[in-house]
Amino acid sequence: VAETVGRDVAFGLENARVPRSEIWPRVDAALAAARFPYAASHLTRALSGGETQRLVLAGNLVLDNRLLLLDEPTSMLDAEAAASVRNAIQHEVLRRGCTTVAVEHQLEPWLDFVDRLVVLGPHGEIVADGTPAQVLADHADALAAQGVWLPGLPAPALLPVDAALVSPWEDGPQRLVTATGVGVELRAGLADRRAPPTVALADVDAELRSGRALAVTGPSGAGKSTLVSVLAGLSRPTSGAVEADPRLATRQGTYPWRWRSRDLTARLAWAPQTPEHGVVTASVRDEVLASARACGREAGRAEARADGLLETLGLGHLRGVSPYHLSGGEQRRLMVAAALGHGPHGLLLDEPTVGQDRHTWAAVLGAISAARTAGAGVAVSTHDLLAAKVLADDQLQLSGGRTVR
Ligand SMILES: Nc1ncnc2c1ncn2[C@@H]1O[C@H](COP(=O)(O)OP(=O)(O)O)[C@@H](O)[C@H]1O
Ligand SMILES: [Mg+2]
């Protein structure tokens, strides 16, 4: 809600008319408690997804309320950062003796901490309710069948997906986009002019190749989203080059960031880490058709493909609904469907598996994997190491904007 991190966390206290002198010490303490990595003066626009998640937690902790409601509080974090945030939550809860309700897909890391486990079914009904040990002992099979991520289960088998739903519309060259020595410096805006820019990427090489999937991994803030968006042609690198194969050239040349949006869309699709940022229409079905329409794909084929993708990704019954009315996990699947709908050569997907149960996870990765097999070039940024392992032909690990391996 505010320009700087400190003001953002202070917002709740200001609304509660807490005296000024108390606000800043509490803000600093809450940022530290949420393991937030920057000072209170840092701009809120200049944060990665995982950093934003920790900021929101700080804004919640600062209020010192008796009830803490957490909706997938670590979904954008790598395992290490997630564990540190869970420890922070646990510490605060014990310190204050407050009640906490957490909504989670990943049960295992919470099991030692929670006293009560409530499992909801697909229609919001309660399927199981009891102590974690009791629920797991009595309902393990039913929960697994329902797609709950239970400890000890093997990775779900990917859903087989028909190539006709996901293949590139036209054949493309082998090397779609090559990034050479790419550096990206980010500034959050005019207010940030005097401060030095953030070096989000430095000297990174990467390649988007037809028929191959690249997984970009690394801790929160490592530069994963920045790399995926620069490969998608959404921004111009500060140094180095991001260049497409000459066979993909437009009148603007071979630099994707120079292409007109229609040409870019036809060639490369991007699914953002925050799915709301990708929404451009008022219905789920239109959302999947939007890019096909924009780049003049044949309507009948595009519609059949959109409907097939929606069914495959478990969104068929929602086709007439506003994308804003979907759950977080549904919205993310919609962005994957929208990226696949018009059959671009390259798929740049930012954290495509967040918020999925075992079934929808298998569908999302099944669709992406089938697109790759059908000739698309795929790059996913992810902190889901299981997804990276199951999907990737190539891996690129980043830390502090640099390639680790
Ligand atoms: N608009 C921005 N202005 C300045 N810094 C930014 C901006 N967006 C992201 N950053 C910073 O760039 C770094 C890389 O961010 P990002 O690529 O989103 O990381 P990841 O996806 O690996 O979590 C982080 O340190 C983040 O704080
Ligand atoms: Mg990211």
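Residues numbered from 1 in each chain as written. Chains lettered and ligands numbered in written order. Predicted model: local features only at pLDDT ≥ 70, side-chain atom pairs only at ≥ 80, totals over all residues. Heavy atoms only, no water.

Student: Tell me about the coordination of the magnesium ion (ligand 2), and name the residues and values.
Tutor: Around the magnesium ion (ligand 2), the protein contributes the donor atoms Ser225 (OG) and Gln273 (OE1), which lie 2.1 to 2.2 Å from the metal centre. Residue serine 225 is located in helix 7 (residues 224–231), and its partner glutamine 273 is located in the loop between strand 9 (268–271) and helix 9 (284–294); the two are separated by 48 residues in the primary sequence. Judged by relative accessible area, which is 26%, serine 225 ranks as partly exposed. (Donors = N, O, S within 2.8 Å, 3.2 Å for Na, K, Ca; no water. Helix = DSSP H or I, 4+ residues; strand = E, 2+ residues; numbered from the N terminus. Buried < 20%, exposed > 50% of the residue type's maximum accessible area, 1.4 Å probe, protein only.)

Student: How would you sum up the layout of surface pockets? Please name residues and give values.
Tutor: Reported here for the second largest pocket is a volume of approximately 760 Å³. Gln106, Pro109, His383, Asp384 and Leu385 are, among the 35 residues lining the second largest pocket, the residues nearest its centre. When residues of the lining of the second largest pocket are traced back to their parent elements, those giving at least two are helix 4 (79–96), helix 12 (358–373) and helix 13 (385–391). The element best represented in the lining of the second largest pocket is helix 4, accounting for four residues. Along the lines of polarity and charge, the residues of the lining of the second largest pocket split into 17 nonpolar, 10 polar and eight charged. When we break the lining of the second largest pocket down by domain, the ones giving at least three residues each are domain 1 (5–111) and domain 2 (163–403). (1 Å grid on protein atoms, 1.4 Å probe; cavity = no way out; pocket = protein on both sides within 12 Å on 5 of 7 lines; lining within 4 Å. Points joined across faces, edges and corners; volume = space filled by probe spheres on them. Nonpolar A, V, L, I, M, F, W, Y, C, P; charged D, E, K, R; others polar. Domains from an automatic or database assignment.)

Student: Give me helix 4: which residues, what numbers.
Tutor: Taking 1.5 Å of rise per residue, the 18 residues of helix 4 would be expected to cover 26 Å, and the 26 Å separating its terminal C-alpha atoms lies within 8% of that figure. By the burial criterion, the buried members of helix 4 are Ala81, Ala82, Val85, Arg86, Ala88, Ile89, Glu92, Val93 and Arg96. Looking straight down helix 4, one finds its buried side chains confined to an arc of 155°; they lie on one side. Exposed residues pointing more than 90 degrees away from the buried face of helix 4 are listed as Ala79, Glu80, His91, Leu94 and Arg95. Looking at the packing, one finds that the buried side of helix 4 touches helix 2 (20–33), helix 3 (49–61), strand 1 (67–71) and strand 2 (99–103). Following helix 4 by one or two positions, glycine 97 adopts a phi angle in the positive range, close to 65°. (Expected span 1.5 Å × (residues − 1). Arc of directions from axis to C-beta. Contact = heavy atoms within 4.5 Å.)

Student: I'd like a description of the packing of aromatic side chains, backed by residues and values.
Tutor: Using the criterion set out here, one finds four aromatic pairs in the structure. Their ring planes at 20° and their centres at 6.0 Å tell us that tryptophan 110 and phenylalanine 113 sit as a pair that is stacked. A relative accessible area of 5% means that tryptophan 110 is categorised as buried. In this structure phenylalanine 113 comes out as buried when scored by relative accessible area, which is 17%. (Phe/Tyr/Trp six-rings, centres within 6.5 Å; stacked < 30°, edge-to-face > 60°.)

Student: Can you tell me about the pattern of salt bridges, naming the residues and giving the values?
Tutor: What the rule picks out here adds up to 18 salt bridges. The salt bridge partner of glutamate 92 is arginine 95, with a shortest N-O separation of 3.0 Å. Here glutamate 92 and its partner arginine 95 are both found in helix 4, three residues apart, which amounts to about one turn of the helix. Classification of arginine 95 by relative accessible area gives exposed; the value is 54%. Taking the shortest distance from any N to any O, the salt bridge between aspartate 307 and arginine 285 comes out at 2.7 Å. Remark: arginine 285 occurs in helix 9 and aspartate 307 occurs in helix 10 (residues 299–312); sequence separation between them is 22 residues. Counted as one network, the salt bridges with shared partners bring together Arg285, Glu303, Asp307, Glu311 and Arg319. (Salt bridge = Lys/Arg side-chain N within 4 Å of Asp/Glu carboxyl O.)

Student: How would you summarise unusual backbone geometry if you had to cite specific residues and measurements?
Tutor: In this model, arginine 17 sits at a positive phi of 55°, which is unusual for a non-glycine residue. Along the polypeptide, arginine 17 turns up in the loop between helix 1 (5–15) and helix 2. Backbone geometry at arginine 35 places phi at a positive 55°, although glycine is not the residue there. Counting through the fold element by element, arginine 35 comes out in the loop between helix 2 and helix 3. By relative accessible area, which is 37% here, arginine 35 ends up partly exposed.

Student: Before we move on, can you summarise the domain arrangement of the protein with the specific residues and values?
Tutor: Domain boundaries assigned for the protein yield domain 1 (5–111) and domain 2 (163–403). Across the contact, 14 residues belong to domain 1 and 15 residues belong to domain 2. When domain 1 packs against domain 2, the two sides together hide about 1100 Å² of surface, and 55% of this comes from carbon and sulfur. Considering only the surface of domain 1 that becomes buried against domain 2, Met76, Asp78 and His105 emerge as the three largest contributors, covering 42% of it. Across the domain 1-domain 2 interface, the total number found is zero salt bridges. (Buried area = accessible area lost by both parts, 1.4 Å probe.)

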